[in-house]
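Secondary and tertiary structure notes
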Amino acid sequence: MTTRAEPGDLQSDQGDQGLSAIMSERRRLINLGYRLLGSLADAEDVVQETYARWYALSPREQRAIESPGAWLMTVAGRICLNLLGSARARRETYVGDWIPEPLPEPTEWITGRSGAGGTDPADRITLDESVTMAFLVVLDAMTPAERVAFVLHDVFRYPFGEVAEIVGRTPAACRQLASSARRRIRTARSPAGPSAGQAGIVRQFRTAWEAKDIDALIDLLDPDATATADGGGLAVTHLHPLVGGERIARAYARIARAAGDRTTFVECTVNGLPGLVARQDGTIATVFAFEIAGERIRHIWAVRNPEKLRPWRHDAPGPAVTMRRRQAGASWKGVRRAKR
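Residues numbered from 1 in each chain as written. Predicted model: local features only at pLDDT ≥ 70, side-chain atom pairs only at ≥ 80, totals over all residues. Heavy atoms only, no water.

This part is about the side chain of arginine 35. For arginine 35, the position within the fold is in helix α2 (residues 26-37). Within the structure, the side chain of arginine 35 is placed 2.8 Å from the side chain of asparagine 31, a separation counted as a polar contact. (Helix = DSSP H or I, 4+ residues; strand = E, 2+ residues; numbered from the N terminus. Polar contact = N/O pair within 3.5 Å; in protein donor to acceptor, adjacent residues only side chain to side chain.)

Below is the structure:
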């Protein structure tokens, strides 16, 4: 026996399906926000703000939107663009160097294949490659418009016509922005070896570091290597980059001696590549990301700012808590008053 559905039941089913479709975009929005802002916490805030704007629409306005997913990506892109514009001013008061927030083992929202679709053209960046620390550092040196145009087109494959609507420039201007960004990437990119080989070099570095073997460390470091640290004024670290393999080796040997037996180093994946985690008294104190060219380490990024280590801690607050905390920040006030 069948039961005829009442109109209210049909509306409820349609509403549930619509909610499911809208929420299924969250992973792709996180993907976009992290690559543009270099911070998972900020990306989560952007996603929540994007959904808040969606639900601020009337049901009639929502139904009039042909592609809710595209609408959400457009709004998220514009919010990120606004935040990138104010980020440079905030960096002037940041203590020491600013490094993108490191991420642990790849998860669905990092590699997000559902947002890729199709086969990558040879001259474009894949989603996996676009989360490496070296890649994010180059992105951070770009202008906000350059960064947004490049990420949307080369990583997420948005046509320049749609990118133009987000950036507020002509499609031709967005094409030039992406081309300029592409040149920066090519200039900065190092010829990386296979991941297994890189893991071996990181393991050798850990062993030499624990042994305080300066000569072995020097052999593993490029003569022009650079080591950058980010404590954000909340953790003790060197404020300026260390330049030169020998200088880095001696400095890291001193760090190992000072740390003593309280510190242990664990090999792990950092932003999709082999890295290290330093634990002090059972707590994660530092996350190390590496750029390896050939068989030598070209760059080390050491993140000690505890606010950036939240994804590495199992007792970290969830997105809702993060959202409430960051709503108190002055940088968000103007964004939250803006209309879509």
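To continue, consider helix α10 (residues 171-188). Across its 18 residues, α10 extends 26 Å between first and last C-alpha, which sits within 8% of the 26 Å expected from 1.5 Å per residue. Buried residues of α10: Cys174, Leu177, Ala178, Ala181, Arg182 and Ile185, and no others. Buried residues along α10 cover an arc of 140° about the axis, so they all sit on one side. More than 90 degrees from the buried face of α10, the exposed residues found are Arg175, Gln176, Arg186 and Thr187. On the buried face of α10, the contacting elements are α7 (133-140), α8 (144-155) and α9 (160-167). (Expected span 1.5 Å × (residues − 1). Buried < 20%, exposed > 50% of the residue type's maximum accessible area, 1.4 Å probe, protein only. Arc of directions from axis to C-beta. Contact = heavy atoms within 4.5 Å.)

Once that is clear, we can look at the pairing of strand β4 (residues 273-280). Inspection of the sheet shows strand β3 (residues 263-270) paired to β4 by eight bridges, in the antiparallel sense. Across the sheet, threonine 269 pairs through a bridge with proline 274, a residue of β4. Connecting the antiparallel pair β3 and β4 is a turn made up of two residues, with asparagine 271 showing a positive phi of about 50°. Pairing of β4 with strand β5 (residues 283-293) involves six bridges; the strand directions are antiparallel. Counterpart to alanine 278 in the pairing with β5 is threonine 286. Between β4 and β5, which pair antiparallel one after the other, the connecting turn spans two residues, and aspartate 281 there sits at a positive phi close to 55°. (Pairing = 2+ DSSP bridges.)

An ideal rise of 1.5 Å per residue puts 16 Å on twelve residues; α8 measures up with 16 Å between its terminal C-alpha atoms. When you tally the buried positions in α8, you get twelve out of twelve residues, the bulk of the element. Of all the positions in α8, only Pro144, Ala145, Glu146, Arg147, Val148, Ala149, Phe150, Val151, Leu152, His153, Asp154 and Val155 are classed as buried. Packed against the buried residues of α8 are α2, α5 (68-91), α7, α9 and α10. The first or second residue beyond α8 is arginine 157, which carries a positive phi of 65°.

A separate point is the nonpolar core. In terms of nonpolar packing, the biggest core is built from 51 residues, with Leu32, Val148 and Val151 touching the most fellow members. Among the secondary structure elements, those contributing two or more residues to this core are α2, α3 (40-55), α5, α7, α8, α9 and α10. For this core, the element with the highest residue contribution is α5, accounting for ten residues. Those residues in contact with valine 151 that lie beyond four places of it in its chain are Leu32, Arg35, Leu36, Leu139 and Phe156. In terms of nonpolar packing, the next biggest core, distinct from the first, is built from 28 residues, Val202, Ile214, Leu217 and Ala253 among them. (Core = buried A, V, L, I, M, F, W, Y, C linked by side-chain atoms within 4.5 Å.)

As a further point, take the sheet that holds strand β1 (residues 221-230). Strand order across the open sheet formed by six strands is β2-β1-β6-β5-β4-β3, with mixed pairing between neighbours. Of all strands in the sheet, those with a lone pairing partner are β2 (242-243) and β3, marking the two edges. Of the strand pairs in this sheet, β1 and strand β6 (residues 296-303) are connected by six bridges, and their pairing is parallel. Opposite alanine 229, over in β6, you have alanine 302 as the bridge partner.

Attention now goes to the environment of lysine 212. By the secondary structure assignment, lysine 212 is in the loop between α11 (195-210) and α12 (214-220). Between the C-alpha atoms of lysine 212 and alanine 253, which are 41 residues apart in sequence, the distance is 5.0 Å. The residues contacting lysine 212, other than those within four sequence positions of it, are Ala253, Ala256 and Arg257.

Here the focus is the environment of alanine 235. Relative to the helices and strands, alanine 235 is located in the loop between β1 and β2. C-alpha separation for the pair alanine 235 and proline 306, spaced 71 residues apart in sequence, amounts to 7.5 Å.

It is worth spelling out the packing of α7 against α8 at this point. Following both chains from N to C, one finds α7 and α8 inclined at 135°, their axes separated by 9 Å at the closest point. Classified by the angle between their axes, α7 and α8 sit oblique to one another. Counting all contacts with α7, which are made through Phe135, Leu136, Leu139 and Asp140, the residues of α8 involved are Arg147, Phe150 and Val151. Classifying every residue of the contact of α7 with α8 by side-chain character gives five nonpolar, no polar and two charged. (Axes fitted to C-alpha atoms, helices over the stretch in contact; angles between N-to-C directions. Parallel < 35°, antiparallel > 145°, perpendicular 65-115°, else oblique. Nonpolar A, V, L, I, M, F, W, Y, C, P; charged D, E, K, R; others polar.)

Remember that the coordinates give geometry; whether it matters functionally is a separate question.
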